[in-house]
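Letter by letter, the chains look like this.
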Amino acid sequence: MEQTPLGMNIPSKTAFNVYSKFTTLRKQPAIAPLFPASVHSYYNLTEVKMNRLGRLISPQIKGKKDAACEFQDNKAFRDPWNAAWIPKLLALDDWLLKGDLHHIVFRKLALHRTIQDRLMNSNSPITQLVILGSGIDHIGWVFSNECACFELDIEPMITFKKKLLPTLNQKVHFNDFDATKNALDQCLKHQPAFHSNRASLFITEGFIDYIPKENLASLLSQIKQLNPENEWLSTHFDRSLLSHNQRFFFEIGVQITGEHLQTNLRKEQIVSIGYDNGFALVNEWANIPELLDEQSIPNEAKLNSIEQKVLHQKNMNGCSILHFK
Ligand SMILES: C[S@@+](CC[C@H](N)C(=O)[O-])C[C@H]1O[C@@H](n2cnc3c(N)ncnc32)[C@H](O)[C@@H]1O
């Protein structure tokens, strides 16, 4: 993997793709209030570091002293996340993959609210979070004040995240874990802060598409064996329900990153794999309006074009959030 003078390459391009879209969308005036201040803090802090660690500055510019000064003086480069062309890129993304901007905000919102509910609800046994394929997401950092949080991902991604994550209040436990090679129960048993006698919520956001069916079944079986009260919260993406164009642009997009999508699984297949391994589906969501009451959906007349795409366009077909116990 290419090393750059100031830092390192971002190992998972799909994780960076989700991060970059969400950190731009969450700043839109009508979307910002849907997320708590802690989520915004995570992205405000990581954006600054991401500029230095990631590939936002090309290696040629990084290597040259004069160019580095030019970079300092150029506002768009100093704060590339707020550059004027970013909304144009997002509009292009939504044109190629209609409904994707809705989808990104939808899944972050649904996950945040469900995790919050499972931690706060007095009837819920959950006291730990385990985030599989955590990428550059905010969940561990945001919830680590409320419970023990464990982030598992492949080794280069964990190394990258450790460099990126603000040290302030940092209580997240990181584990190198490759779901196709390592046993989940062994990985967690070697983690001194993890207590298998406590019920955990296992989160797989944008992760199960990259894991062979057999590995998914084995993961779920190990999760239930660790503790029968463990729960599972996942995104699910049935590519067969996407339009022809959507499917083409999604699959080609992943192919370009060099990451590999597994065989498409329909929702019934996921539910059945869950059921065979001790999990029952208890709740599911498919779009933003299901998460908001009528009053909290902002007035269309006041929305900019990106907000309209997020809040008034439909989610892509076949995308849902599934909660199993
Ligand atoms: C699409 S990204 C999603 C990241 C994050 N969960 C989110 O939604 O923002 C997929 C993540 O899964 C991780 N991943 C892919 N294959 C994996 C494997 N075999 N074992 C562990 N993690 C893996 C990647 O490194 C990446 O961080």
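One can find the structure itself at the top, above this paragraph.
Residues numbered from 1 in each chain as written. Predicted model: local features only at pLDDT ≥ 70, side-chain atom pairs only at ≥ 80, totals over all residues.

Colleague: Just checking my understanding: could you explain the site of the ligand for this structure?
Modeller: Surrounding the ligand, one finds 19 residues, the nearest of these being S12, T14, G133, G135 and G206. In terms of residue count, helix 1 (residues 13-25) provides more of the shell around the ligand than any other element does, three residues in total. Here the residues of the shell around the ligand sort into eight nonpolar, seven polar and four charged. When we break the shell around the ligand down by domain, the ones giving at least three residues each are domain 1 (3-92) and domain 2 (96-324). (Near = placed C-beta within 6 Å. Helix = DSSP H or I, 4+ residues; strand = E, 2+ residues; numbered from the N terminus. Nonpolar A, V, L, I, M, F, W, Y, C, P; charged D, E, K, R; others polar. Domains from an automatic or database assignment.)

Colleague: Is there a simple way to think about helix 11 (residues 213-226) in this case?
Modeller: The periodicity of an α-helix, 3.6 residues per turn, causes residues three or four positions apart to be oriented the same way. Its 14 residues place the ends of helix 11 20 Å apart at the C-alpha level, agreeing with the 20 Å of an ideal helix rising 1.5 Å per residue. For helix 11, the complete set of buried residues consists of L216, L219, L220, I223 and L226. Burial along helix 11 is one-sided: seen end-on, the buried residues are contained in an arc of 125°. (Expected span 1.5 Å × (residues − 1). Buried ≥ 20, exposed ≤ 12 C-beta atoms within 10 Å, placed from the backbone. Arc of directions from axis to C-beta.)

Colleague: What should I look at first to understand helix 1 in this one?
Modeller: Relative to the 18 Å expected for 13 residues at 1.5 Å per residue, helix 1 spans 18 Å between its end C-alpha atoms, a close match to the ideal helical length. Those residues of helix 1 that fall on the buried side of the exposure criterion are A15, F16, N17, Y19, S20, K21, F22, T23, T24 and L25.

Colleague: What is the right way to read the nonpolar core from this model?
Modeller: Across soluble globular proteins, nonpolar side chains have a tendency to be buried as a group. Grouped together as the largest cluster of nonpolar side chains are 65 residues, with contacts concentrated most on V105, L129, V130, I131, L132 and I203. Here the element with the most residues in this core is helix 7 (residues 100-120); it accounts for eight residues. Two domains each provide a minimum of three residues to this core, namely domain 1 (3-92) and domain 2 (96-324). Among residues more than four places away in sequence, those in contact with L132 are L152, A179, F202, I203, T204 and F207. (Core = buried A, V, L, I, M, F, W, Y, C linked by C-beta atoms within 7 Å. Contact = placed C-beta atoms within 7 Å.)

Colleague: I would appreciate a short explanation of the environment of D276 in the present structure.
Modeller: Residue position: D276 is located in helix 13 (residues 267-276). Once the C-alpha coordinates of D276 and L220 are considered, the two residues, 56 residues apart in sequence, prove to be 9.2 Å apart.

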